[in-house]
Amino acid sequence: MSEPEPSLHEHEPHADMSGRLNWLRAGVLGANDGIVSTAGLVVGVAAATTDRGSLLTAGVAGLVAGAVSMALGEYVSVSTQRDAERSLLIKERKELDEQPEEELAELAALYEAKGLSAETAQTVARELTEHDPFAAHVDVELGIDPDALTNPWQAAASSAVSFISGALLPLLSILLLPASQRIPVTFVVVLLALALTGTISARLGGAPSRPAVTRIVIGGAIAMAVTYAIGQLAGVAGI
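Conventions and cut-offs
- Residues numbered from 1 in each chain as written.
- Predicted model: local features only at pLDDT ≥ 70, side-chain atom pairs only at ≥ 80, totals over all residues.
- Heavy atoms only, no water.
- UniProt positions renumbered as here; feature names shortened; annotations may be inferred.
- Helix = DSSP H or I, 4+ residues; strand = E, 2+ residues; numbered from the N terminus.
- Expected span 1.5 Å × (residues − 1).
- Bend = angle between axes of the 7 residues up to and from the residue.
- Polar contact = N/O pair within 3.5 Å; in protein donor to acceptor, adjacent residues only side chain to side chain.
- Phe/Tyr/Trp six-rings, centres within 6.5 Å; stacked < 30°, edge-to-face > 60°.
- Buried < 20%, exposed > 50% of the residue type's maximum accessible area, 1.4 Å probe, protein only.
- Lys NZ or Arg CZ within 6 Å of the ring centre and 35° of its normal.

The name recorded for the protein chain in an unreviewed UniProt entry is VIT family protein, from Rhodococcus cerastii. In its Subcellular location (unreviewed entry) section, UniProt records this for the protein chain: "Endomembrane system".

(A) Expanded view of helix α6 (residues 152-176). Between the first and last C-alpha of α6 there are 36 Å, a value that for 25 residues agrees with the 36 Å anticipated at 1.5 Å per step. A maximum bend of about 30° is found in α6 at L168, where proline P170 lies one to four positions downstream. For α6, the capping residue at the N-terminal end is N151, with a side-chain oxygen 2.9 Å from the backbone nitrogen of W153.

(B) Broad picture of the UniProt feature "transmembrane region" (unreviewed entry) in the protein chain. UniProt annotation of "transmembrane region" (unreviewed entry) refers to residues 23-48, 55-73, 155-177, 184-204 and 216-237 when read in the numbering used here. Along residues 55-73, the helical share is 100% and the strand share 0%, with 26 Å between the first and last C-alpha atoms. For the annotated span residues 155-177, helix accounts for 96% and strand for 0% of the residues, and the straight-line distance between the end C-alpha atoms is 34 Å.

(C) Summary view of the packing of aromatic side chains. What the rule picks out here adds up to 1 aromatic pair. Aromatic side chains Y75 and W153 sit 4.8 Å apart centroid to centroid with 50° between the ring planes, which places their arrangement in the tilted category. Here W153 lies in helix α6 and Y75 lies in helix α2 (residues 52-98), a separation of 78 residues in the sequence. On the basis of relative accessibility, which here comes to 28%, the residue Y75 falls in the partly exposed class. The exposure class of W153 is exposed, given its relative accessible area of 62%. R93 extends its terminal NZ or CZ atom over the ring of F134, reaching a point 3.8 Å from the ring centre.

(D) Structural view of helix α7 (residues 182-204). Given a rise of 1.5 Å per residue, 23 residues ought to cover 33 Å, and the 33 Å separating the end C-alpha atoms of α7 matches this to within 8%. Among all positions of α7, only R182, T186, V190, L191, A193, L194, T197, G198, S201, A202 and L204 are buried.

As C-alpha cells, then:
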C-alpha cells in the first residue's frame with residue numbers, strides 16, 4: 001500500500017503569526033527609538049564640547065534612561081492587557097458554568113454571522129462545545145488563546161534590549177571617532193541605520209518601503225539638526 005503524498009502545505013507554519021510579527025515590529029521600532037533619541041543626545045553634546053568623558057556620561061545616561069523607560073512602559077502596557085484578558089477569561093468561564101444553553105446559542109450566532117447557515121452554525125457550535133466549550137468560546141468570541149497570554153516581563157526585556165541595540169550605534173560612533181569626524185560620520189551612520197529599520201518595519205507591515213524610509217530618515221535628520229543647533233548655542237554661551 002503506497003504512502004500518502006506529503007501535503008503541499010506540510011512545512012508551512014500554522015501557528016498564529018500576528019503575535020510574532022507584532023513582537024518583531026516592536027523590536028524594530030524600539031531599536032529605531034534608541035537610534036534617534038541617543039543620536040540626538042550625543043550629537044547635541046558633541047556640538048557643545050569635544051570632551052570624551054562628557055560624551056560618554058551623557059550617552060550612557062541617555063541609553064540607560066531610555067532603556068528603563070521603554071521597558072517600564074512596555075511592562076505596564078502589557079500587564080494591563082494581560083489583566084484585561086484574564087478578566088475576560090474568568091467572566092467567560094463563569095458564564096459557561098451558569099448559562100450553558102445561552103452560551104451555546106451565542107456561539108452558534110457568532111458562526112452564523114461569519115457566513116455559515118443557521119443549521120451548520122448550530123452543528124459546529126454544538127460539536128465544539130461537546131469537545132471543549134471554553135476553548136471554543138474564547139477563540140471565536142474573544143480571540144484569546146488562554147495558553148499564550150502576553151508576558152509583561154518578556155515584553156519589557158525585549159523592549160529594553162532593542163532600545164539598547166539601537167542606542168549603541170550612535171554612542172559608539174561618537175566616542176570612537178576623532179573629534180573632527182564625530183558629528184558628520186555619526187550623522188551618516190545614523191541615517192543609514194534609520195533607513196534600514198524603516199525598510200524592515202515597512203516590509204513587516206506589508207507597506208511600501210520608500211514612504212516609510214523617507215519619513216524616518218527626515219525625522220531623524222531633523223532631530224539631530226535641532227539638537228546640534230542647541231548644542232552649538234550652549235557651547236557658544238558657555239553653558
